[in-house]
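Per-entry structural report
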Amino acid sequence: MLIKIIENGLFGLITEKLSLTAESIWFWLLMALAVVLSMAAGYFLGSVNAAIIISTKKYKSDIRNHGSGNAGMTNMFRTFGKAGGFLTLFGDIAKTILPICFGYLFFGYAGAYISGLFVVMGHCFPIYYRFKGGKGVLAAATMILLLNDARLRSSCFCAYAYCFCDYCNRHTFCFDGIGNDRNIYPPLYRSLVHHYVR
């Protein structure tokens, strides 16, 4: 029973029990419901921004008013230190895992992918914060690790490797506040940035 739910979700279980086929309108209605629930779980839970909540409740100051203005883990580390950064890390991981589990429940593997995608969208464009959120790097990385798809991992690795180089090149990642001297970059990294990012 549990394996069937993980593979096809409640959608698969219900359609099997009721002997519904693709020729039935109820089959498509149930599928649409499973997809919408997976999307909603991902987006609305993904819109909960741990950085904003922690910064306003614990530190009494909105993280978006500090540093790079980004409501994410990196800016929390820079602004409020390790405690704020790690709390944001755990919060973002938890809010990614939970809706992906809901996606599995509703629509199996497909639901997990849908929920994971909408978690990242919710993190970047949260409905609760006027669609101004973080960059979604941690949420996307958590989704990639959970879904365990080699093709997804490799493609996302290439995308986020580019983003990492872009962060560093623009001084918005780990090199903030140490000046504009490009000699601070290690020679190998500097050559990669100038060759691929510029």
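Anything mentioned here points back to the structure above.
Residues numbered from 1 in each chain as written. Predicted model: local features only at pLDDT ≥ 70, side-chain atom pairs only at ≥ 80, totals over all residues. Heavy atoms only, no water.

Describing the overall build of the protein chain
Just so we agree on the cut-off: Secondary structure is summarised from DSSP: a helix means a run of H or I of at least four residues, a strand means a run of E of at least two, and numbering begins at the N terminus for each. For the exposure calls, accessible area comes from a 1.4 Å probe over protein chains only, and a residue counts as buried if that area is under 20% of its type's maximum, exposed if over 50%, partly exposed in between.
Scanning the protein chain for helices and strands turns up seven helices and zero strands. Taking all 198 residues of the protein chain together, 41% fall into the buried category.

Let's talk about the pattern of salt bridges
Short version of the rule: Definition used for salt bridges: Asp or Glu carboxyl oxygen within 4 Å of a side-chain nitrogen of Lys or Arg.
If you walk through the whole model with that rule in mind, you get two salt bridges. One salt bridge in this structure joins Arg64 and Asp62, with 2.7 Å as the shortest N-O distance. Residue Arg64 is classed as partly exposed on the basis of its relative accessible area of 22%. For Asp62, a relative accessible area of 17% puts it in the buried group. Taking the shortest distance from any N to any O, the salt bridge between Asp92 and Lys95 comes out at 3.9 Å. Separated by three residues within a single helix, Asp92 and Lys95 lie in helix H4 (residues 73-124), roughly one turn from each other.

A few points about the packing of helix H2 (residues 25-46) against H4
Stated formally: Axes here refer to lines fitted to C-alpha atoms; in helices the fit is confined to the stretch in contact. Angles between the N-to-C directions go from 0 to 180 degrees. Crossings are sorted by hand: turned counterclockwise from the far helix by less than a right angle, the near helix makes the crossing left-handed, and turned clockwise it makes it right-handed. Following the grouping adopted for this structure description, the nonpolar residues are Ala, Val, Leu, Ile, Met, Phe, Trp, Tyr, Cys and Pro, the charged ones are Asp, Glu, Lys and Arg, and the polar ones are all others, Gly among them.
Closest axis-to-axis distance for the H2/H4 pair is 6 Å, and the angle between their directions is 35°. The way H2 lies across H4 gives a crossing that is right-handed. Among the residues forming the contact of H2 with H4, the class breakdown is 17 nonpolar, eight polar and one charged.

Focus on H4
Since the α-helix turns once every 3.6 residues, residues separated by three or four places project in the same direction. Our working rule: A helix is expected to span 1.5 Å multiplied by its residue count minus one. Note on bend: at a given residue it equals the angle between the axes fitted to the 7 residues ending there and to the 7 starting there.
Relative to the 76 Å expected for 52 residues at 1.5 Å per residue, H4 spans just 13 Å between its end C-alpha atoms, considerably shorter than the ideal helical length. By the largest-angle criterion, Phe80 marks the main kink of H4, which is about 150°.

Examining the environment of Phe118
Stated formally: What makes two residues a contact is simply this: any of their non-hydrogen atoms within 4.5 Å.
Position of Phe118 among the secondary structure elements: in helix H4. It is 8.4 Å that separates the C-alpha atoms of Phe118 and Ser38, two residues lying 80 residues apart in sequence. When residues no more than four places from it in sequence are discounted, the contact partners of Phe118 are Met39, Gly42 and Tyr43.

Details of the packing of helix H3 (residues 50-58) against H4
Which entries qualify depends on this criterion: Orientation categories follow fixed angle ranges, with anything under 35 degrees roughly parallel, anything over 145 roughly antiparallel, 65 to 115 roughly perpendicular, and all other angles oblique.
At a minimum axis distance of 9 Å, the contact between H3 and H4 shows a crossing angle of 125°. One finds that H3 runs oblique with respect to H4. Handedness of the H3/H4 crossing: right-handed. For the pair H3 and H4, the contacting residues are Ala50, Ala51, Ile54, Ser55 and Lys58 in the first and Met76, Phe80, Leu87, Thr88, Gly91 and Asp92 in the second.

Some points on the nonpolar core
Inclusion rule: Put simply, buried Ala, Val, Leu, Ile, Met, Phe, Trp, Tyr and Cys residues joined by side-chain atoms within 4.5 Å make one nonpolar core.
Grouped together as the largest cluster of nonpolar side chains are ten residues: Phe11, Leu20, Phe27, Ala34, Ala41, Tyr43, Phe106, Phe107, Ile114 and Phe118. Of all the secondary-structure elements, those providing two or more residues to this core are H2 and H4. Residues in contact with Ala41, not counting those within four places in the same chain, are Gly46, Pro99, Phe102 and Phe106. Core analysis: the next-biggest nonpolar cluster, separate from the first, contains nine residues, Ala50, Ile54, Ala71 and Phe80 among them.

So, to be careful, I would describe these as geometric facts and stop short of saying anything about function.
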